[in-house]
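# Structural characterization, general
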Amino acid sequence: MKKNIIVGQSGGPTAVINSSLAGVFQTAMDRGANVCYGMLNGVQGLLEERYVDLSEHIETHLDIELLKRTPSSFLGSCRYKLPKFEDDAAPYIKIFEILNKLEIGYFFYIGGNDSMDTIAKLYKYSKTINSDIKFIGIPKTIDNDLNATDHTPGYGSAAKYIASITKEVIRDGHVYDSKQVTILEIMGRNAGWLTAASALAKSEDCEGVDMIFLPEMVFDIDKFVKKVSELQKNKKSVVVAVSEGIKIADGRYVSELTENVQFVDAFGHKTLNGTARYLANKLAEKIGCKTRAIEFSTLQRCASHIVSRVDITEAYQVGGAGVKCAFDGESGKMVTLIRTSDDPYQCVTGLFDIADVANLEKTVPKEWIINDGTYLSEEFIRYAKPLIQAELTPIMVDGVPRHLFLKKL
Ligand code: F6P
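Source: prediction; values computed, not measured.

### Description of the domain arrangement of the protein
One can read the domain layout of the protein as domain 1 (4-141 + 306-358) and domain 2 (155-302). Using C-alpha coordinates to define each centre, domain 1 is positioned 33 Å away from domain 2. The interface of domain 1 with domain 2 comprises 16 residues on the first partner and 13 residues on the second. Where domain 1 abuts domain 2, roughly 1,300 Å² becomes buried across the two surfaces, and 58% of that area is made up of carbon and sulfur atoms. Looking only at domain 1, the three residues that lose the most surface to domain 2 are Arg-79, Asp-114 and Ile-306, adding up to 43% of its buried area. In this structure, Arg-79 engages Asp-265 in a salt bridge whose closest nitrogen and oxygen atoms are separated by 3.8 Å. Counting across the interface, domain 1 meets domain 2 through four residue pairs in polar contact (both at pLDDT 80 or more). When the residues that make up the side of domain 1 that touches domain 2 are grouped by side-chain class, the tally is seven nonpolar, four polar and five charged.

### Focus: the packing of aromatic side chains
Enumeration over the complete set of coordinates arrives at 18 aromatic pairs. Taking 5.7 Å as the distance between ring centres and 80° as the angle between the ring planes, the aromatic pair formed by Phe-85 and Tyr-92 counts as edge-to-face. No difference in accessibility class separates Phe-85 from Tyr-92, as the two residues are buried. Seen from their ring centres, Phe-219 and Phe-224 are 5.4 Å apart, and the 50° between their planes marks the pair as tilted. Classification of Phe-224 by relative accessible area gives buried; the value is 1%.

The rules we used
Within any chain, residue numbers begin from 1 and follow the written order of that chain's sequence. Totals for whole chains, interfaces and linings use all residues, but because this is a predicted model, local features are given only for residues with pLDDT of at least 70 and pairs of side-chain atoms are given and counted only at 80 or more. Excluded from the side-chain calculation are hydrogens and water; included are all heavy atoms of the structure. For each domain, the first and last residues come from an automatic or database assignment. Contact criterion: two residues are considered in contact whenever any of their non-hydrogen atoms come within 4.5 Å of each other. Summed over both partners, the accessible surface that disappears when two parts come together, traced with a 1.4 Å probe, is what is meant by buried area. Any carboxyl oxygen of Asp or Glu that lies within 4 Å of a side-chain nitrogen of Lys or Arg is treated as forming a salt bridge with it. Between N or O atoms, a polar contact is any pair within 3.5 Å; within protein, one atom must be a potential hydrogen donor and the other a potential acceptor, and residues adjacent in sequence are included only when both atoms are from side chains. Just so you know the grouping, Ala, Val, Leu, Ile, Met, Phe, Trp, Tyr, Cys and Pro go in nonpolar, Asp, Glu, Lys and Arg go in charged, and all remaining residues, Gly too, go in polar. What counts as a ring pair is set by centres within 6.5 Å for rings of Phe, Tyr and Trp (its six-membered ring), and what kind of pair is set by the plane angle: stacked under 30 degrees, edge-to-face over 60, tilted for all other angles. Remark: exposure states derive from per-residue accessible area (1.4 Å probe, protein chains only) relative to the maximum for the residue type, with buried under 20%, exposed over 50%, and partly exposed in between.

This is how it looks when you write it as structure tokens:
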């Protein structure tokens, strides 16, 4: 095989996105790729001709192991929206000039639904110019909102972190013999998968959160206050998990009711935060008890010290499967995970047309949301529990996890 490969990372990172990068790199090298380039900051960096030769940065087996355990996107990321080539072909012409100059035969992009939009557009354009470059999407997102795949790499580790830390917060809530309400704010934009993972805190030694509010259901602030005060009649510490993306009946995000300035990215997504603080203030005002608002924020997507072994392994596998299928001649596809069994849990990789994945959001099935929209059913627990199983020990140096970083060459 003569052609080189290029790989990029895009969108919000996960704790295991670099495991997919390791899977792409290692598999490409094992299968005889010549040079494996990494775009810096995704296609945005590629357009500025910013890329590296990955073998100068990943040299040993230990580097691969460190890369897998390194949070954030090793190559940097972007939230860059390619225009339609019918409207503006200039970025496409530039990208293909660069790809041809680098003798690229295979292009891999690790990302969520916005990043699959990029791959879908590049693939479509490649057909119009009869380019034989293969384009493959490698799924990742803590939001778990990609269609066609049972789940997305990155979700299991974020869910494990949320379940674990939620258990700890619930226990902490019992410390005083007085009333308090704790609101946990969890990422996931318009899909509640990650917030739903707070239900996994419930176990033999933990009563679990008292209520969970997902963006799939309309959020009613007065009803919420009423439910909290009812709960307080029977217990002192109430813990509630809310999605950053909950919306009131008129369609506004609760976070838009705050005075926070909302940043909007290239895909039109608002930065959602402040929901927990807003609701905690509301409760303090209406009920008058002690409240705490905890925004898990970026912690939930970079907690590489507590990744799920199932997740980090699958993240590596989807990277490897992407390379294998591209080298076998596939293009315009996203790698998927297909669950073949729940007990014992088993998943295999598959492929799906990229055009049918891009820009679509998979949400939590309404029938899995129970108790008047405040909890998750057993079906959800059966779905999510296998994804958070087992651990991969960090490589500890001087008491803290060691990470791999790009060398300054
Ligand atoms: O990409 C997923 C995600 O982590 C969402 O859950 C969250 O709303 C968003 O990204 C945050 O975006 P940013 O990384 O731009 O702050």
